[in-house]
Amino acid sequence: MGDEKPKFLIKGGKRLDGRKPEDVRPIQIKMGVVPNADGSAEVIFGKTRVIATVYGPRELHPRHQVINERARVRVRYDMMTFSVEDRKRPGPGRRETEISKVLAEALTRVVITEKYPTRAIDVFVTVVQADASTRVAGLNAASLALADAGIPMRDLVVSLSFGKSYDEKGQGHMVVDLEKEEDNWGMGDIAYAVAPALGEVLLLQMDGDVTLEEFKKGKTMADKAALEIYEMQKRALKARYEEGSK
Ligand code: ADP
């Protein structure tokens, strides 16, 4: 599946899975899915499923990584061998190392790290099933898992992908929340994250060929979708809090 280039990714204004360009896939958020962790969340974007767990703040080893003034947020992003159609080679490669780094940088911006000098906050982002946009789904899950762990934050992180798909005439159109075929065959893909209340962009990575005008159009679409995801996150956290206080 997805090995042959499709004739179009968008036709008559509809994408391969029937979505309109501005639609995200069905999203589900499940809080506290790993009770032994200090905080956890599962985020599902269509067929992409990611679980994030948080441990800490806790003592940091190895000691040379200690930061005297603040906590260090460490992230390990990993894809399970069974998460993709062909078995994924186990263990972190270059891709996983890069993703772990950019996710840690995004989360460090929102966690109030000064509250926990010298400590470690460890975040594990595990892709259980991959159908593109796993790093952005993982970032939503990580932010929710941090909140679930009771770690003070300046804002939540809302993250999604957007990109450029071609229609039956070869014309490009901006779309949000790319699935696998759009990611594989599209003309450009962008991983994006914002802290909506702070108005800060926390992640921006782009592959492919997108003009400035197209980028701006895609970003406007993504910002609109981000607000919907933000509301879903807040609802999920509130429900978790109410359940916990019973
Ligand atoms: P993201 O998952 O954040 O979009 P990429 O653009 O690197 O990151 O990957 C896009 C998609 O390609 C993944 O979500 C997954 O569906 C697929 N993919 C990535 N790495 C592998 C791999 N090693 N084997 C099979 N499929 C992969």
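Everything below is about the structure printed above this text.
Residues numbered from 1 in each chain as written. Predicted model: local features only at pLDDT ≥ 70, side-chain atom pairs only at ≥ 80, totals over all residues. Heavy atoms only, no water.

Participant: Got a minute to help me understand the overall build of the protein in this structure?
Facilitator: What the protein contains, in helices and strands, is four helices and 11 strands. For 246 residues, the compact-globule estimate of 2.2 N^0.38 gives 18 Å, and the C-alpha radius of gyration of the protein, at 18 Å, lies within 12% of that figure. With the C-alpha coordinates aligned to their principal axes, the bounding extent of the protein is approximately 55 × 35 × 35 Å. Relative to its full complement of 246 residues, the protein shows a buried share of 46%. A separation threshold of at least 6 residues defines the contact pool for the protein, and within that pool the share at least 24 residues apart is 68%. Accessible surface, the protein: about 12400 Å² in total, of which carbon and sulfur atoms supply 50%. Across the protein, the 40 positively charged side chains and the 38 negatively charged ones have centroids separated by 3 Å. (Helix = DSSP H or I, 4+ residues; strand = E, 2+ residues; numbered from the N terminus. Rg over C-alpha atoms; globule rule 2.2 N^0.38 Å. Buried < 20%, exposed > 50% of the residue type's maximum accessible area, 1.4 Å probe, protein only. Contact = heavy atoms within 4.5 Å. Areas by Shrake-Rupley, 256 points an atom, 1.4 Å probe, with all protein chains shown as cover. Lys, Arg positive; Asp, Glu negative; His and termini not counted. Charge placed at Lys NZ, Arg CZ, Asp CG, Glu CD.)

Participant: I'm lost on a negative patch on the surface in this one. Help?
Facilitator: A contiguous patch of negative charge, built from D3, E4, E85 and D86, is present on the exposed surface. Locating D3 in the fold gives a position in the segment before β1 (10-11). (Patch = residues over 30% accessible without salt bridge, like charges linked within 9 Å, V, L, I, M, F, W, Y side chains within 5 Å. Salt bridge = Lys/Arg side-chain N within 4 Å of Asp/Glu carboxyl O.)

Participant: Can you walk me through helix α4 (residues 212-244) in this structure?
Facilitator: Across its 33 residues, α4 extends 46 Å between first and last C-alpha, which sits within 8% of the 48 Å expected from 1.5 Å per residue. Buried within α4 are the following residues: F215, G218, M221, A222, A225, A226, I229, Y230, Q233 and A236. (Expected span 1.5 Å × (residues − 1).)

Participant: Explain the side chain of E179 to me, please; I cannot follow it from the model alone.
Facilitator: Looking at where E179 falls in the secondary structure, it is placed in the loop between β9 (172-176) and α3 (180-185). A polar contact is formed between the side chain of E179 and the backbone nitrogen of E181, at a distance of 2.9 Å. In this structure E179 touches L16, D17, R19, R25, D131 and A132, once residues within four positions along its chain are discounted. (Polar contact = N/O pair within 3.5 Å; in protein donor to acceptor, adjacent residues only side chain to side chain.)

Participant: Looking at this structure, how should I read the site of the ligand?
Facilitator: Taken together, the residues surrounding the ligand are M79, V84, K88, R95, A130, D131, A132, S133, T134, R135, K180 and D183. In this structure, an oxygen atom belonging to the ligand sits 2.9 Å away from a main-chain N or O atom of S133. The contact in question runs from an oxygen atom of the ligand to an N or O atom on the side chain of R135, over 2.8 Å. About the coverage of the ligand: the protein hides 74% of its 530 Å² of free accessible area. Elements represented by at least two residues in the shell around the ligand include exactly α2 (134-148) and α3. Taken together, the residues that form the shell around the ligand break down as four nonpolar, two polar and six charged. (Near = heavy atom within 4 Å. Nonpolar A, V, L, I, M, F, W, Y, C, P; charged D, E, K, R; others polar.)

Participant: So what exactly am I meant to see when it comes to the pattern of salt bridges here?
Facilitator: Oppositely charged side chains can pair when the atoms bearing their charge come close. All chains considered together, the criterion is met by 22 salt bridges. Note that E59 and R63 form a salt bridge whose closest N and O atoms lie 3.9 Å from each other. Accessibility expressed as a relative area gives 48% for E59, which makes it partly exposed. Taken together, the shared-partner salt bridges in this structure form one network comprising R15, D17, R19, R25, D131, D177 and E182.

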